[in-house]
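Here are the chains, one letter per residue:
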Amino acid sequence: MTYKHPVDIQTGHFDLDVSGVAGFFGGEEAISAMQTIHLYKYRKYMGWYNSPGSWNVGKKFGMLANSHFWDGLFPGPNEDPAKFFELDGKQGPKYVASRSGSILEHTGHLAYLMMQICKEELGVHVGGRVTKRNNVTLIQTQLVFEESTAKEKPPVRTIQPHDGHQKYVAILPIAVSFTTCALCGWTYDWFCCSMILLGIVSNGMASLVIGSASLELQGVKSAPTAPPGDGMLMDGDDVVLLLGKEEDVATITRGRFTLRYEPWVKMRSKKEERKRFVLRDGTGSTKSNRRNDAEAGRRNISLDQGPNHEAVPIKDEYAAIGSCSLLLVAQLLAQLLLIPQGTFFGQIMFLSSFAASWAYNLYLSSIDNEHIQEELLLEALNLNEQHMRTYSLGTRTTAAVFACLMLQPPGVYEESEWKKLGFEPEGIIRKFIPNDTPVWTTWREKVLGVMRDQKVCSRDTCYDLLQMSDQEKDMFKPNDQKLLENLLEDARTAYELAVNEKLWFKCG
């Protein structure tokens, strides 16, 4: 009797069932790779490969489409594209303006990136007393935007994407996808051939449409007569001093990255504005707003319907992105039905294209996109090593005096003139150290005295003023004398550094 193996291992009727994972495999990597599409040059043209994770990508980016229809298919928040692609939305550090005295408890995404850039700098170690080091970075801002004729619109500048090696690496998944598709056709496996081709087309179209936006830097419009926007970003032991024009500094503290899509992507079916019913007391009825939204598509509302109507912009629909997301989701359904019908060789080719594409997506997702944003920001702000210097100071008091001296208006030494300009040096020092004991009060008065006497006193004389007098020795006990001497030593270190830096700024 011939022995027969209990399991038939012949491949003639064997089907490798990859349909269950075809649309879900590598979803996180595919999403992460797609979110980098605006940061790299030619990236939008390099999406013609059979990428895994089509279901995840479609559901994720379908949330960009904004209408009742698309919200039903892809439920979720309709965020601004810049926030959606993590180009905006990070909370920046506290900002203190040295002239106006205005304080921003939280700045924007660009200030966050700038602070991260400065934190990455090692800084020049400055001698003197050391307790806990504070890093202070000086940034001499440069002209960002050309003179604009628009009086109300904020200035905008287009940012060129980063040019890296990713465009060459993309050749691998593209070549593998087209090769495997051709081999499946050569073996007459039209099921797997069509599925690979569908994956190529759907991912390529999605990359082309989603990546069609231009990355822009949007600044803040300031008055021509605005004073210099000098101020400081404060994040714990890291401080960034921003010196320059109000508009250039405000671009860092309140500017943002934006994505500008073409009208064919936004798919606006109506004019820029429409009218909504608003009650006379300024509060709108939610129910009437919803009704007017529904009726807006069936009738035109005149622009002169009285004071109870208010013009509001119509939200962009991004129907083209919704259509591409729908195609990606439909790709999964097709894979569920057709891939099991293919041959063993075809299914191996299908998985091979997935593997090559997954490796490329993994490569893109492994790159630090925040670092790429930092490079693009420095390039857009026209900043380089010549305009930035970082110092590692030994104590908080040294950092406070150094920041105060660097933010002092050049050539202004009278206290009455400081008030006219809105400069309050004591307030700046208090942002670092708010102590009000007699020792700290005496120390602050001596620092402010040196700032006032810089006009009439030489460098050595001002340095000598930061010494403890005999009268002050009689005022304080030995412990307080030691504390005051340490604080004055910190002030002398900061003064010496500030004098050298001001000479560097004049030369620069």
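In the block above lies the structure referred to throughout.
These numbers come from a predicted model, not from an experiment. (Residues numbered from 1 in each chain as written. Predicted model: local features only at pLDDT ≥ 70, side-chain atom pairs only at ≥ 80, totals over all residues. Heavy atoms only, no water.)

Caption draft 1: The overall build of the protein chain, seen in detail. When helices and strands are counted, the protein chain shows 22 helices and 12 strands. The buried share among the 508 residues of the protein chain stands at 47%. When contacts within the protein chain are restricted to residue pairs at least 6 apart in sequence, those whose partners lie at least 24 apart make up 80%. Here the protein chain displays about 26,100 Å² of accessible surface, and carbon together with sulfur accounts for 55% of that area. (Helix = DSSP H or I, 4+ residues; strand = E, 2+ residues; numbered from the N terminus. Buried < 20%, exposed > 50% of the residue type's maximum accessible area, 1.4 Å probe, protein only. Contact = heavy atoms within 4.5 Å. Areas by Shrake-Rupley, 256 points an atom, 1.4 Å probe, with all protein chains shown as cover.)

Caption draft 2: Main features of the packing of helix α9 (residues 190–210) against helix α13 (residues 319–338). Packing of α9 against α13 leaves a shortest axis separation of 9 Å and a crossing angle of 165 degrees. Taken together, the axes of α9 and α13 are roughly antiparallel relative to one another. Between α9 and α13 the crossing geometry is left-handed. In contact with F191, M195, L198, G199, S202, N203, M205, A206, V209 and I210 of α9, α13 contributes A320, I321, C324, L327, L328, Q331, A334, Q335 and L338. Classifying every residue of the contact of α9 with α13 gives 14 nonpolar, five polar and no charged. (Axes fitted to C-alpha atoms, helices over the stretch in contact; angles between N-to-C directions. Parallel < 35°, antiparallel > 145°, perpendicular 65-115°, else oblique. Left-handed = near helix turned anticlockwise from the far one by under 90°. Nonpolar A, V, L, I, M, F, W, Y, C, P; charged D, E, K, R; others polar.)

Caption draft 3: Region of the structure containing helix α8 (residues 171–186). Here α8 is 16 residues long and its end C-alpha atoms lie 22 Å apart, about the 22 Å a rise of 1.5 Å per residue gives. Along α8, the residues that are buried comprise P173, I174, S177, T180, C181, C184 and G185. For α8, the arc enclosing every buried residue in end-on projection is 140 degrees, short of the 170-degree limit, so these residues lie on one face. Residues of α8 that are exposed and point more than 90 degrees away from the buried face comprise I171, L172 and W186. Structurally, α8 contributes buried residues whose contacts are with α7 (166–169), α9 and α14 (344–366). Of the residues flanking the end of α8, it is Y188, one or two places downstream, whose phi is positive at about 60 degrees. (Expected span 1.5 Å × (residues − 1). Arc of directions from axis to C-beta.)

Caption draft 4: Main features of the packing of α8 against α14. Interaxial distance between α8 and α14 falls to 9 Å at its minimum, and their mutual angle equals 175 degrees. With respect to each other, α8 and α14 are oriented roughly antiparallel. Touching P173, V176, S177, T180, L183 and C184 of α8 are F345, G346, M349, S352, S353, A356, S357 and Y360, all from α14. In the contact of α8 with α14, the residues fall into eight nonpolar, six polar and no charged.

Caption draft 5: Quick look at the sheet that holds strand β5 (residues 156–158). Spatially, the three strands line up as an open sheet ordered β5-β6-β9, and their pairing is antiparallel. Each edge of the open sheet carries a strand with a single partner, namely β5 and β9 (256–260). Neighbouring strand axes in the sheet, compared pairwise and without regard to direction, differ in orientation by 35 degrees on average. Taken together, the five bridges between strand β6 (residues 214–218) and β9 define a ladder with antiparallel strand orientation. Looking at the pairing, S214 lines up with R260 of β9. (Pairing = 2+ DSSP bridges.)

Caption draft 6: Spatial organisation of the pairing of β6. Across three bridges, the pairing between β5 and β6 is antiparallel. The partner of V156 across the bridge, within β6, is Q218.

Caption draft 7: Fine view of the pairing of strand β4 (residues 134–140). Within β4, six of the seven residues are buried, which leaves it mostly tucked inside the rest of the structure. One ladder, built from six bridges, connects β4 with strand β8 (residues 238–243); its direction is parallel. Bridged to V136 within β8 is V239.

Caption draft 8: Looking closely at unusual backbone geometry. The phi dihedral of Y188 falls on the positive side, at around 60 degrees, and the residue is not glycine. As for its placement among the helices and strands, Y188 is situated in the loop between α8 and α9. The backbone phi angle of Y318 is positive, close to 50 degrees, even though this residue is not glycine. Considering the arrangement of structural elements, one finds Y318 in the loop between β11 (309–313) and α13.

Caption draft 9: View of the nonpolar core. One finds F61, F85, M114, I210, L217, F257 and Y261 to be the most contacted residues of the largest nonpolar core, which totals 61 residues. Among the elements that line this core, the one with the most residues is helix α6 (residues 109–120), at eight residues. Look past the residues within four positions of I210 in its chain and what remains in contact with it is M34, I37, H38, F61, F85, Y261 and I321. Core analysis: the second largest hydrophobic core is formed by 46 residues, M234, F402, V447 and A498 among them. (Core = buried A, V, L, I, M, F, W, Y, C linked by side-chain atoms within 4.5 Å.)

Caption draft 10: Representation of the packing of aromatic side chains. Following the criterion strictly, the structure yields 12 aromatic pairs and no others. Note that K60 overlies the ring of F84, its terminal NZ or CZ placed 5.2 Å from the centroid. (Phe/Tyr/Trp six-rings, centres within 6.5 Å; stacked < 30°, edge-to-face > 60°. Lys NZ or Arg CZ within 6 Å of the ring centre and 35° of its normal.)

Caption draft 11: Broad picture of a nonpolar patch on the surface. Where nonpolar side chains cluster on the molecular surface, the patch consists of L197, V201, M205 and L327 and spans about 280 Å² of accessible area. The element best represented in the nonpolar patch is α9, accounting for three residues. Tracing the backbone through its elements, the reader meets V201 in helix α9. Of the residues examined, V201 reaches a relative accessible area of 34% and is grouped as partly exposed. (Patch = residues over 30% accessible without salt bridge, like charges linked within 9 Å, V, L, I, M, F, W, Y side chains within 5 Å. Salt bridge = Lys/Arg side-chain N within 4 Å of Asp/Glu carboxyl O.)

Caption draft 12: Spatial organisation of the environment of G92. Following the sequence through the fold, G92 ends up in the loop between α5 (81–84) and β1 (94–97). Classification of G92 as buried rests on a relative accessible area of 6%. On a C-alpha basis, the gap between G92 and L233 in space is 8.8 Å, while along the polypeptide they are 141 residues apart. For G92, the residues in contact, after removing those within four places along its chain, are H106, T107, G108 and Y112.

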